[in-house]
Amino acid sequence: MLRNRIVLILVENLSVPFDRRVWQECQTLRDAGMTAHVICPQGTKRDTEAEVVLDGVHIHRYPLRAATGGPAGYAREYGSALWHTVRLARKIGRVDVVHACNPPDLLFLVARMLRRRGAKVIFDQHDLVPELYLSRFDRGQDFLYRGVCALERSTYRAADVVLSTNESYRQVARIRGGKRPEDVFVVRSAPVVERFHEVPVEPELKRGKPNLLCYLGVMGPQDGVDYALRALASLRDEVGRDDWHAVFVGAGDTFDEMVALSHRLGLSGQVEFTGRVPDEDLLRYLSAADVCLSPDPLNPLNDVSTMNKVMEYMAMGKPMVSFELREARVSAGEAALYAPANDVAEFAKLVAVLLDDPEQRERMGECGKQRVRGPLAWGNSQAALIKAYERALG
């Protein structure tokens, strides 16, 4: 049913193949015999070509300036992204399926245009945008919040099938989105474990300390890097531990702000910010790490979201400390210790517990490996993705 079909995947917030979830989906669809096209923004240091074919996947990229400031900046960003997406979609021509990934919940406008030409529509819900709005902006349920809720409803209505990253998102699609259970499929953002393998530990990455702490991921207002830094200050000042070096791998809207916060907390000598790094460097840092940090605070979005970094820590067999979040427990299970929500002092104490117990770290790391190779494996998500496409085209 899928062989020789043409799929167009729409992405706005990351370039491809940097967006690992989307890239894994592309490869799965290609292996099922489909011709995959992707429209996405260009990267700044990687994924910079305007048009390229990688491993049989056709990627069409457009220039995009990320939003700065408040809602007006996002309006400019999203308006530019929509214009380029429509332009490139017309260039590609007829497709059998349009696969729209949020955020934002605006790509349904392009999907509806293609639906009138016979395409089926799949909504790949990476984020709950109303919850993202509440968690990112301190504005409450104002008129802009009501607007993003309306856009989400329109996106659900436009979709023949919805892909949810976990059961919490699936419930939202069924209850808030009004989708039938048979039209919603859970496709978890699971890593391909073959890509995450330990390499020889480089002691110099620890900067002369016996322990390395590692954070991996995006640095946005809702991602909790500020909580992690305050927890490290507490680890030093209140727990009395300075036998560690910490590395923060990744970038985002608040990167410069977090570097400045580390200076204000007196952590600049013990905390290193790398920005985004190639995969080979990522493996070097994770292989050397003794404890990993998942400091996403409790908020409406984080409580029900699956964090990519949690899955990647487990794929590398690394124990972690997390705040108490519903989906964090579903994903990590016993591979993490859980501090009360948003309590940086308790977070710091749990980091110290793991630093003092290498045997517990080993047990937790092995538990994580087994989870991402078993119930959370990408192979299970691949099967769900194929079923979703068969449902849409059937």
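Our structure is the block above this text.
Model, not experiment: these values are computed from the prediction.

Draft legend 1. Geometry of the packing of helix α7 (residues 225-237) against helix α8 (residues 255-264). Closest axis-to-axis distance for the α7/α8 pair is 10 Å, and the angle between their directions is 15 degrees. Judged on the interaxial angle alone, α8 and α7 are roughly parallel. Here the hand of the crossing between α7 and α8 comes out right-handed. Here V225, D226, L229 and R230 of α7 come into contact with α8, specifically with M258, L261 and S262. Within the contact of α7 with α8, the residues separate by chemical class into four nonpolar, one polar and two charged.

Draft legend 2. Focus on the side chain of E272. Structurally, the position occupied by E272 is in strand β11 (residues 271-275). Owing to a relative accessible area of 17%, E272 belongs among the buried residues under this scheme. Engagement of the side chain of E272 in a polar contact is seen with the side chain of R207, the distance being 3.3 Å. The residues contacting E272, other than those within four sequence positions of it, are R207, H245, A246, V247, F248 and Y285.

Draft legend 3. Summary view of the packing of helix α3 (residues 108-115) against helix α5 (residues 143-158). As a packed pair, α3 and α5 sit with axes 10 Å apart at the nearest point and diverge in direction by 25 degrees. The orientation of α3 with respect to α5, classified from their angle, is roughly parallel. For the element pair α3 and α5, the recorded crossing hand is left-handed. For the pair α3 and α5, the contacting residues are F108, R112 and R115 in the first and L151, S154, T155, R157 and A158 in the second. For the contact of α3 with α5, the residue count by class is three nonpolar, two polar and three charged.

Draft legend 4. Region of the structure containing α8. The set of residues buried in α8 consists of M258, L261 and S262. For α8, the angular spread of the buried residues around the axis is 100 degrees, confining them to a single face. Summarising the geometry of α8, the exposed residues directed more than 90 degrees from the buried face are D256 and R264. Positive backbone phi, at 70 degrees, marks G266, one or two positions downstream of α8.

Draft legend 5. The arrangement of a positive patch on the surface in detail. Together, R90, R112, R116, R117, R153 and R157 make up a positively charged patch on the protein surface. One can find R153 in helix α5. Residue class for R153 comes out partly exposed when judged on its relative accessible area of 41%.

Draft legend 6. Structural detail: the nonpolar core. L232 and F248 are the most contacted members of the largest nonpolar core, which has 97 residues in total. Among the elements that make up this core, the one with the highest residue count is helix α14 (residues 378-393) (eight residues). In this structure, F248 is in contact with Y215, M219, V225, A228, L229, L232, V271, E272, F273, T274, G275 and L293, ignoring residues within four places of it in sequence. The next biggest cluster of nonpolar side chains, apart from the first, holds 32 residues, and it includes L82, L114, Y156 and V162.

Draft legend 7. Structural context of the sheet that holds strand β5 (residues 97-101). Taken together, the eight strands give an open sheet; going across it, the order is β3-β4-β2-β1-β5-β6-β7-β8, and neighbouring strands pair in mixed fashion. Whereas interior strands pair on both sides, the edge strands pair on one side only; in this sheet they are β3 (51-54) and β8 (184-186). Here the strands of the sheet are splayed against their neighbours by 20 degrees on average, with no regard to which way each runs. Here strand β7 (residues 161-164) pairs with β8 via three bridges, running parallel. Its bridge partner lying in β8, L163 is registered against F185. Each of β1 (6-10), β2 (35-41), β3 and β4 (57-62) touches helix α2 (residues 71-92); the most contacted strand, β4, lies at about 140 degrees to it.

Draft legend 8. Quick peek at the side chain of H245. Here H245 is to be found in strand β10 (residues 244-249). Beyond its immediate stretch of four places on either side in the chain, H245 contacts L205, K206, R207, K209, N211, L212, L213, G269, Q270, V271 and E272.

Analysis parameters
- Residues numbered from 1 in each chain as written.
- Predicted model: local features only at pLDDT ≥ 70, side-chain atom pairs only at ≥ 80, totals over all residues.
- Heavy atoms only, no water.
- Axes fitted to C-alpha atoms, helices over the stretch in contact; angles between N-to-C directions.
- Helix = DSSP H or I, 4+ residues; strand = E, 2+ residues; numbered from the N terminus.
- Parallel < 35°, antiparallel > 145°, perpendicular 65-115°, else oblique.
- Left-handed = near helix turned anticlockwise from the far one by under 90°.
- Contact = heavy atoms within 4.5 Å.
- Nonpolar A, V, L, I, M, F, W, Y, C, P; charged D, E, K, R; others polar.
- Buried < 20%, exposed > 50% of the residue type's maximum accessible area, 1.4 Å probe, protein only.
- Polar contact = N/O pair within 3.5 Å; in protein donor to acceptor, adjacent residues only side chain to side chain.
- Arc of directions from axis to C-beta.
- Patch = residues over 30% accessible without salt bridge, like charges linked within 9 Å, V, L, I, M, F, W, Y side chains within 5 Å.
- Areas by Shrake-Rupley, 256 points an atom, 1.4 Å probe, with all protein chains shown as cover.
- Salt bridge = Lys/Arg side-chain N within 4 Å of Asp/Glu carboxyl O.
- Lys, Arg positive; Asp, Glu negative; His and termini not counted.
- Charge placed at Lys NZ, Arg CZ, Asp CG, Glu CD.
- Core = buried A, V, L, I, M, F, W, Y, C linked by side-chain atoms within 4.5 Å.
- Pairing = 2+ DSSP bridges.

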